[in-house]
Amino acid sequence: MYNIVNLKRLFPINYDRINLELLTYKDLDWYIDVLKSSFFNEYIDYKFLETSDSELRFKLTNLALSYKLNMQIQGECRFILIDKDTNQRVGGCTLFETDKNSIEIGYWVLPAYQNKGYAKELMNNIKETLFRLKNINIIRLVI
């Protein structure tokens, strides 16, 4: 959890075309809708479709609270990809601290925004952000 706590202090982060913002209360309904969508779940064994809305809301609310208070609740960090030109939410990314020296990255881009370079820009830049943290030796990418 050491690296995730330090990472939270860097947000929001601005890149060329996208902003990365920590998941906040205002994003919860949108985020839950995306997690419950068939687009998202066809790749991850319907994990979120089988989870009740109240359970998802509870977990995500606790995460958003931990970001707001800079608490060490979980070794994960969820953020939203925002298109800088349109201010639209185009996707999301989750970072998991698998141990003190490694971070696992999972990301997704909504179908309407795929093949437009958002994921490429995220990956080209997030590695530099992560390697600025102390102790990160390994970054694993989950697509």
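Residues numbered from 1 in each chain as written. Predicted model: local features only at pLDDT ≥ 70, side-chain atom pairs only at ≥ 80, totals over all residues. Heavy atoms only, no water.

Trainee: Where do I start with the packing of aromatic side chains in this structure?
Mentor: Counted under the stated rule, the structure contains four aromatic pairs. Each member of the aromatic cluster is reached from another via a ring pair, and the members are W30, Y31 and W108. (Phe/Tyr/Trp six-rings, centres within 6.5 Å; stacked < 30°, edge-to-face > 60°.)

Trainee: What is the right way to look at helix α5 (residues 118-131) in this model?
Mentor: Given 3.6 residues per turn, any residue in an α-helix points the same way as the ones three and four places further on. With 14 residues, α5 should reach 20 Å at 1.5 Å per residue; the first-to-last C-alpha distance of 20 Å fits that figure. Looking only at α5, the buried set comprises Y118, A119, E121, L122, M123, I126, T129 and L130. (Helix = DSSP H or I, 4+ residues; strand = E, 2+ residues; numbered from the N terminus. Expected span 1.5 Å × (residues − 1). Buried < 20%, exposed > 50% of the residue type's maximum accessible area, 1.4 Å probe, protein only.)

Trainee: Sorry, what's going on with the pairing of strand β6 (residues 138-142) here?
Mentor: Looking down a regular strand, the side chains alternate between one sheet face and the other. Of the strand pairs in this sheet, strand β5 (residues 102-109) and β6 are connected by five bridges, and their pairing is parallel. Residue pairing for β6: S102 is matched across the bridge by I138. You can see the chain leave β5, run along α5 and come back into β6, and the turn it takes is right-handed. (Pairing = 2+ DSSP bridges. Right-handed = clockwise from strand over helix to strand, strands pointing away.)

Trainee: How should the sheet that holds β6 be read in this particular structure?
Mentor: Two pairing modes exist for strands in a sheet, parallel and antiparallel, and in both the strands are linked by backbone hydrogen bonds. What the six strands build is an open sheet, ordered β1-β2-β3-β4-β5-β6; its pairing is mixed. A strand with exactly one partner marks an edge of an open sheet, and here the two such strands are β1 (13-14) and β6. Across the sheet, helix α4 (residues 53-69) lies against β2 (18-22) and β3 (76-83), angled at about 85° from β3, the strand it touches most. Contacting β1, β2, β3, β4 (89-99), β5 and β6, α5 crosses the sheet at an angle of about 160° to β5. (Contact = heavy atoms within 4.5 Å. Axes fitted to C-alpha atoms, helices over the stretch in contact; angles between N-to-C directions.)

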